[in-house]
Amino acid sequence: MNTLINELKEKVVGKNIRIVFPEGNDARIVATAARLHAEKSIIPVLLGNKDVIAATAREAGVVIGDIETHDPENDPLFDELVAAFVERRAGKATEEQARLTLRDPNYFGTMLVHIGNVDGLVSGAIHSTGDTVRPALQIIKTKPGIKKTSGAMVMIGRSARFIFADVAININPDSADLAETAITSAETAAIFNIDPKIAMLSFSTHGSAKSPDATAVADATHLVRDARPDLVIDGEIQFDAAFVPEVAELKAPDSPLAGNASVFVFPNLSAGNIGYKLVQRFAKLEAVGPILQGLNKPVNDLSRGCTADDAYKLALITAVQAVAE
Ligand SMILES: CC(C)(COP(=O)(O)OP(=O)(O)OC[C@H]1O[C@@H](n2cnc3c(N)ncnc32)[C@H](O)[C@@H]1OP(=O)(O)O)[C@@H](O)C(=O)NCCC(=O)NCCS
Ligand SMILES: CC(=O)OP(=O)(O)O
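Residues numbered from 1 in each chain as written. Chains lettered and ligands numbered in written order. Predicted model: local features only at pLDDT ≥ 70, side-chain atom pairs only at ≥ 80, totals over all residues. Heavy atoms only, no water.

Moving on: the layout of surface pockets. A water-sized probe, rolled over the atoms, reveals where empty space remains. Of the volumes computed, that of the largest pocket is approximately 290 Å³. Forming the boundary of the largest pocket are 17 residues, of which Lys143, Glu187, Ile191, Gln321 and Glu325 lie nearest the centre. Elements with a minimum of two residues in the lining of the largest pocket: α8 (175-191), β10 (286-293) and α13 (308-324). Residue contributions to the lining of the largest pocket peak at four residues, all from α8. Residues belonging to the lining of the largest pocket are distributed by class as follows: eight nonpolar, five polar and four charged. (1 Å grid on protein atoms, 1.4 Å probe; cavity = no way out; pocket = protein on both sides within 12 Å on 5 of 7 lines; lining within 4 Å. Points joined across faces, edges and corners; volume = space filled by probe spheres on them. Helix = DSSP H or I, 4+ residues; strand = E, 2+ residues; numbered from the N terminus. Nonpolar A, V, L, I, M, F, W, Y, C, P; charged D, E, K, R; others polar.)

As structure tokens, then:
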């Protein structure tokens, strides 16, 4: 894991990347900001009341020194952000609504990303995924050509890393959504030097069961093959046939994955979210993310069950995404 931290740090140190943390009242987040500030890898910006942030730092037993803070309740940037929000949400928010909305630190922080005051945002240690990502969906929006964002986890074992997606956003994806998730996940894999071999997961392998769910996954696989013939992909395929070479020989002898998949695209959010937590908690792989894919600028969500170390790693990943923009 330290190798990963070093790889990420190498890409961001000296680039003056600024990352905003809207949850300045959470001890794990304040500890993360203090660590980043002390090692000078990226520049943290904390949101919240100055006194509350100071009390949180004492609770966490860390020194925040001169870390930049902003209080959405009373900040010199507030009026500028309100005007920019009304412009961005033209026809969807009045100035009065904007003034209320921007008191929410996730909206305030996302607007800082939008106007270019900071390069990325990490939140979600105390907010649900919906409350964390909704501002980004409304303000940052997806890159041209991408219809929906999705959330990937990097799963880190002793000798290998894997991408699991979508574990965070799209509850009932259709074939086009699954295909998009597969393509953006292959791009996310590059951040971690993972050679993407994509398994489009199902309870069926190459038609072993007949069902609309399995067909949707097979259709998604065809869409990816048409759009990106350079990618190694197979589906619909069961996890064991994608991950265990001996089972692959038996169930899917022609699979280009040959039981060596590294990117796993789940058929729906129930499977993806439950699946990553099972592997994290039973098999003890480290899970870092969710990393939001396909947005114009990096905004990332933490699991509320995260540690300060998880938040630190996600902040470095967010900075790497910002450098790549
Ligand atoms: C992400 C989520 C909150 C969005 O739902 P929502 O806020 O009801 O979304 P809405 O349909 O009201 O759309 C809000 C905006 O986001 C956009 N949007 C919604 N889903 C999107 C997606 N997947 N990608 C990009 N934009 C999206 C909409 O286009 C809309 O933009 P607009 O206001 O400019 O028109 C919802 O899909 C969700 O709850 N997902 C599950 C989250 C979760 O609990 N995950 C498990 C833990 S990680
Ligand atoms: C990713 C995820 O499951 O987030 P949370 O645990 O906050 O719901």
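That covers the picture; the talk isn't over yet.
Their axes nearest at 8 Å, the elements α8 and helix α9 (residues 212-227) cross at an angle of 50 degrees. Between α8 and α9, the interaxial angle falls into the category oblique. Along this stretch, α8 crosses α9, giving a crossing that reads as right-handed. Residues Ser175, Ala176, Leu178, Ala179, Ala182 and Ile183 of α8 form the contact with α9, whose participating residues are Ala216, Val217, Asp219, Ala220, Leu223, Val224 and Ala227. Across the contact of α8 with α9, the residue classes break down as eleven nonpolar, one polar and one charged. (Axes fitted to C-alpha atoms, helices over the stretch in contact; angles between N-to-C directions. Parallel < 35°, antiparallel > 145°, perpendicular 65-115°, else oblique. Left-handed = near helix turned anticlockwise from the far one by under 90°. Contact = heavy atoms within 4.5 Å.)

So, about the UniProt feature "domain: Phosphate acetyl/butaryl transferase" (unreviewed entry) in the protein chain. In the numbering used here, UniProt assigns the "domain: Phosphate acetyl/butaryl transferase" (unreviewed entry) feature to residues 4-319. Here residues 4-319 runs as 46% helix and 17% strand, with 14 Å between its end C-alpha atoms. (UniProt positions renumbered as here; feature names shortened; annotations may be inferred.)

Here the focus is the packing of aromatic side chains. Applying the stated criterion across every chain, the model contains nine aromatic pairs. The interplanar angle of 70 degrees and the centroid separation of 5.7 Å between the aromatic rings of Phe162 and Phe243 together place this pair among those described as edge-to-face. In this pair, Phe162 is assigned in strand β6 (residues 161-165) and Phe243 in helix α10 (residues 239-243), connecting sequence segments 81 residues apart. Taken together, a centroid distance of 5.6 Å and an interplanar angle of 80 degrees make the contact between Phe164 and Phe264 edge-to-face. In this pair, Phe164 is assigned in strand β6 and Phe264 in strand β9 (residues 263-265), connecting sequence segments 100 residues apart. Taken individually, Phe164 and Phe264 each receive the classification buried, so the pair is uniform in this respect. Here a set of aromatic residues connected by ring pairs shows up, and it is made of Phe162, Phe164, Phe239, Phe243, Phe264 and Phe266. (Phe/Tyr/Trp six-rings, centres within 6.5 Å; stacked < 30°, edge-to-face > 60°. Buried < 20%, exposed > 50% of the residue type's maximum accessible area, 1.4 Å probe, protein only.)

Among the 20 residues in the neighbourhood of ligand 1, the closest are listed as Arg89, Arg134, Lys141, Thr149 and Ala168. At 2.8 Å, a side-chain N or O of Arg89 approaches an oxygen atom of ligand 1. In this structure, a nitrogen atom belonging to ligand 1 sits 2.9 Å away from a main-chain N or O atom of Ile169. Burial of ligand 1 by the protein amounts to 61% of the accessible area it has alone, namely 950 Å². Among the elements of the structure, α7 (129-140) and α12 (269-282) are those that each provide at least two residues to the shell around ligand 1. If you tally residues by element for the shell around ligand 1, the top one is α7, at six residues. (Near = heavy atom within 4 Å. Polar contact = N/O pair within 3.5 Å; in protein donor to acceptor, adjacent residues only side chain to side chain. Areas by Shrake-Rupley, 256 points an atom, 1.4 Å probe, with all protein chains shown as cover.)

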